[in-house]
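A structural walkthrough
Okay, here's what each chain looks like letter by letter:
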Amino acid sequence: MTQAKALACPASEPTDLERRVLAHERILQALIAYMARTEPRFVDHLRERFVEPMELTRHEHDHRETDD
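Below you will find a few notes about this structure. (Residues numbered from 1 in each chain as written. Predicted model: local features only at pLDDT ≥ 70, side-chain atom pairs only at ≥ 80, totals over all residues. Heavy atoms only, no water.)

Looking now at the overall build of the chain. Along the backbone of the chain there are three helices and zero strands. Start at the N end of the chain and walk to the C end: the helices and strands fall as α-α-α. Counting over 68 residues, the chain shows a buried share of 1%. Surface accessibility of the chain: about 7,100 Å² in total, with carbon and sulfur atoms responsible for 57%. (Helix = DSSP H or I, 4+ residues; strand = E, 2+ residues; numbered from the N terminus. Buried < 20%, exposed > 50% of the residue type's maximum accessible area, 1.4 Å probe, protein only. Areas by Shrake-Rupley, 256 points an atom, 1.4 Å probe, with all protein chains shown as cover.)

For the structure on display, the rule yields four salt bridges. Across the pair Asp16 and Arg20 runs a salt bridge, and its minimum N-O distance is 3.0 Å. Within this pair, Asp16 and its partner Arg20 are both found in helix α2 (residues 12-38), separated by four residues, close to a single helical turn. Taking the relative accessible area as the measure of exposure, Asp16 reaches 30% and is therefore partly exposed. Taking the shortest distance from any N to any O, the salt bridge between Asp44 and Arg41 comes out at 3.7 Å. Residue Asp44 is classed as partly exposed on the basis of its relative accessible area of 30%. Salt bridges here are not isolated pairs; linked through shared partners, they connect Arg41, Asp44, Arg47 and Glu48. (Salt bridge = Lys/Arg side-chain N within 4 Å of Asp/Glu carboxyl O.)

Next up on the list: a nonpolar patch on the surface. On the surface, Ile27, Leu28, Leu31 and Ile32 cluster together into a nonpolar patch covering about 360 Å² of accessible area. Within the secondary structure, Leu31 is located in helix α2. (Patch = residues over 30% accessible without salt bridge, like charges linked within 9 Å, V, L, I, M, F, W, Y side chains within 5 Å.)

Take the environment of His24 next. Structurally, the position occupied by His24 is in helix α2. Of the residues examined, His24 reaches a relative accessible area of 52% and is grouped as exposed.

Next up, the structure:
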């Protein structure tokens with residue numbers, strides 16, 4: 001029982017992590033918007049790199065237990 005308590009995260013940690021992720025997301029959105037204005041092919045490059053490969057992959061569901 002003491003090991004479980006030692007491994008558990010403090011209650012504020014997930015909220016802090018979410019806040020950091022959202023802050024990074026906003027920074028990336030601002031950078032992408034700026035680069036899209038300054039470099040016309042930037043959005044096309046992102047689409048080629050991230051969107052099109054995702055369309056080619058098979059979307060399989062891996063139904064595992066959460067404990068795995």
